[in-house]
Amino acid sequence: MPSSETITTGADLIAQGLARAGIRHAFGIPGGEVLALVEAFSAAGIEPVLVKHENAAGFMAEGVWHATGAPGLFYATLGPGVANAANVVANALQDRVPLIFITGCVDAAEAESYTHQVFDHQALLRPIVKASFRATAETAALVVEKALAIALSGRPGPVHIDVPIGVAEGAAKASMRPPAPLPLPVRPAEGHGLEAARGALANAERPLIIVGLDVVNQGAADVVADFARDRDIPVITTYKAKGVLPESDPLSLGGAGLSPKADKLLLPLVKAADMIVLAGYDPIEMRLNWRDPFSPGAQIIDIVAEAMPHGVHRSDHLIVGDIAASLSGLSVAPAKAHVWPGGEPTVARQALRESFAASAAWGPDVVFETVRAATPADTVITIDSGAHRILLSQIWQTDIPHAILQSTGLCTMGCAVPLALGYKLAAPATPVVAFVGDAGLEMGLGELATARELGLPIVIVVLVDESLALIEMKQRSSQRPNAAVDFSGSDFPAVAQALGGVGRWVDDAGTLAGEVEAALSRAAFTVLACRIARRAYDGKI
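Rules behind the numbers
Residues numbered from 1 in each chain as written. Predicted model: local features only at pLDDT ≥ 70, side-chain atom pairs only at ≥ 80, totals over all residues. Heavy atoms only, no water. Helix = DSSP H or I, 4+ residues; strand = E, 2+ residues; numbered from the N terminus. Rg over C-alpha atoms; globule rule 2.2 N^0.38 Å. Buried < 20%, exposed > 50% of the residue type's maximum accessible area, 1.4 Å probe, protein only. Contact = heavy atoms within 4.5 Å. Areas by Shrake-Rupley, 256 points an atom, 1.4 Å probe, with all protein chains shown as cover. Lys, Arg positive; Asp, Glu negative; His and termini not counted. Charge placed at Lys NZ, Arg CZ, Asp CG, Glu CD. Pairing = 2+ DSSP bridges. Axes fitted to C-alpha atoms, helices over the stretch in contact; angles between N-to-C directions. Polar contact = N/O pair within 3.5 Å; in protein donor to acceptor, adjacent residues only side chain to side chain. Parallel < 35°, antiparallel > 145°, perpendicular 65-115°, else oblique. Nonpolar A, V, L, I, M, F, W, Y, C, P; charged D, E, K, R; others polar. Core = buried A, V, L, I, M, F, W, Y, C linked by side-chain atoms within 4.5 Å.

Engineer: Residue-level account of the overall build of the protein chain, with values.
Structural biologist: In terms of helices and strands, the protein chain carries 23 helices and 18 strands. Here the protein chain has a C-alpha radius of gyration of 24 Å; the compact-globule value for 541 residues is 24 Å, and the two agree. Taken across its 541 residues, the protein chain has 56% of its residues classed as buried. A fraction of 75% describes how many contacts in the protein chain between residues 6 or more apart in sequence connect residues 24 or more apart. Total accessible area on the protein chain is roughly 20700 Å²; 55% of this is exposed by carbon and sulfur atoms. With 40 positive and 56 negative side-chain charges, the protein chain shows a spacing of 5 Å between the two charge centroids.

Engineer: Which residues make up the sheet that holds strand β2 (residues 47-50), and what are the values?
Structural biologist: With parallel pairing, 6 strands are arranged side by side in an open sheet as β2-β1-β3-β4-β6-β5. The sheet terminates laterally at β2 and β5 (131-134), the two strands that pair on one side only. Within the sheet, the average angular offset between the axes of one strand and its neighbour, ignoring direction, is 25°. Judged from the 6 bridges that link them, strand β4 (residues 99-105) and strand β6 (residues 159-164) form a sheet pairing that is parallel. Bridging across to β6, T103 finds its partner in D162. In the packing of helix α8 (residues 140-152) onto the sheet, contacts are made with β4, β5 and β6, and the angle to β6 comes to roughly 165°.

Engineer: Give a description of the side chain of D214 that names residues and reports values.
Structural biologist: With respect to the element layout, D214 can be found in helix α11 (residues 213-217). Separated by 3.3 Å, the side chains of D214 and R155 make a polar contact.

Engineer: Break down the packing of helix α13 (residues 260-272) against helix α15 (residues 344-355) for me, citing the residues and quoting the values.
Structural biologist: Geometrically, a packed helix pair is captured by the angle between its two axes and the distance between the axes. Taken N-terminus to C-terminus, the directions of α13 and α15 make an angle of 180°; their axes are 10 Å apart at the nearest point. Taken together, the axes of α13 and α15 lie roughly antiparallel to each other. In contact with K261, A262, L265, L266 and L269 of α13, α15 contributes E344, P345, A348, A351, L352 and S355. Counted by class, the contact of α13 with α15 contains 8 nonpolar, 1 polar and 2 charged residues.

Engineer: Help me get a handle on the nonpolar core, residues and values and all.
Structural biologist: Core analysis: the largest hydrophobic core is formed by 55 residues, its most contacted members being I210, I276, V371, F435 and V461. For V461, the contacting residues outside a window of four places in its chain are V367, V371, V433, A434, F435, V436, L528 and C530. The next biggest cluster of nonpolar side chains, apart from the first, holds 51 residues, and it includes A85, V380, A403 and F525.

Engineer: An account of the sheet that holds strand β8 (residues 235-238) is needed here, citing residue identities and associated values.
Structural biologist: Here we have 6 strands laid out as an open sheet, ordered β9-β8-β7-β10-β11-β12, and parallel in their pairing. For this open sheet the edge positions go to β9 (252-256) and β12 (317-320), each flanked by a neighbour on one side alone. Neighbour-to-neighbour, the strand axes of this sheet turn through a mean angle of 15°, independent of strand direction. Sheet topology note: the strand β11 (residues 299-304)/β12 ladder contains 4 bridges and is parallel.

Engineer: Break down the environment of N217 for me, with residues and values.
Structural biologist: Mapping N217 onto the fold places it in helix α11. For N217, a relative accessible area of 24% gives the class partly exposed. In sequence terms N217 and G446 are 229 residues apart; their C-alpha atoms lie 30 Å from each other. If sequence neighbours within four positions are ignored, N217 has contacts with W65, R96 and P156. Within the structure, the side chain of N217 is placed 3.5 Å from the backbone oxygen of R96, a separation counted as a polar contact.

Shown next, in the form of structure tokens:
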């Protein structure tokens, strides 16, 4: 590249557009095809963060989004780098996460005669992204603008930009149009549909609100909470929406959708309701028991960010638009003086608390209760997939949204530690605790080195039962022989020490409480390996 004059490259335009959207971190592993992009990120004020696997890069980017509200950014070099990222891209689509995924590729002419590591990135990714673009010298700035708008609009999701080396390193043309404002405004639905919903709501005697992740994504938690309190309507949330209504509120019935034990208490209440307000409810978080769970006579008001023909349940009054504004439109309807005269929601709330209370001196439920008691109210936790996720999502109480992060649509393992690292990087003053099973931690042990390199003092609580507990339970319940679910345990404290952190074995609640307190004041990451018995989740989820 000539050095006699400053040239605006495609990489420069891409990085500058991303920086204008508030993005300050780019996660990935460099390769020759993305070196110009990495350099441009730095020049634009976006810090390139080295990770140990592209999958972790995407989850760290998601963690930053939860902490800041800016879209997450991660990148990969061609071939194996792109292939490694497929899981986290699919997770972002199913979990409604606005990620920008940038990949490097060889120029089209070269690809015709040079096949080493070359395959069609767009063909691989199109089924699992909202959109995929291939940048050119003329469109580098434009595709960033479009990618950001698409990633943030409606239900958020991942958008891919493939950048040929020649485009990244060569001269490019800036867009002649001013950038569109982000996020794009969403208007509430009006007209006959909203008017009919008001009338149905005014006549309800046993109303119920089910809140989903669209509310969290749109920042509508306060409006939902006020709507529920003004009308004295009990609230069930999906796991991602926990804290939209503070769980200390008497109207909160906590999270639902994954625990058969909780479903036994909540689904009868859902069936008894004569009015269900679905506020930003996305059924991708739920299980088969929540497929059309409503009474045939109940009226269903479904307020969604984006219409989606999922077929999971009916909607008598579908309202597509901004959730907060749409709820405000419903609020003009008169409310019943008394709802649920039999007090069924109060009974269900108490039964839920009793059902998930710890019943022994030690076990996973005691671990979760102990950590909750030892951590500040504003603690953010991340949860990996497995039996522990089901139990912890019921036990852990929070009064703030975006405080319990997990994969609920794709339900992938290996997400908790990088999610925690990304959040802590963007919000260093917030206490962050990652909960993970022993198999899940072994999937991504390399990211402990990332925690060391970045100086991120997260607390990692690993449940050590030397088994894929949830799969073993399913195996046993279907009367299949035990196979490929049990394994010998790793010395996690020793691994933590070797990778620059602090590790401790924990076998009782008193020790755990003290170790959590010490970990929260430590400058390095801490792994607390809590040994529990195999089959410790039996009867608990």
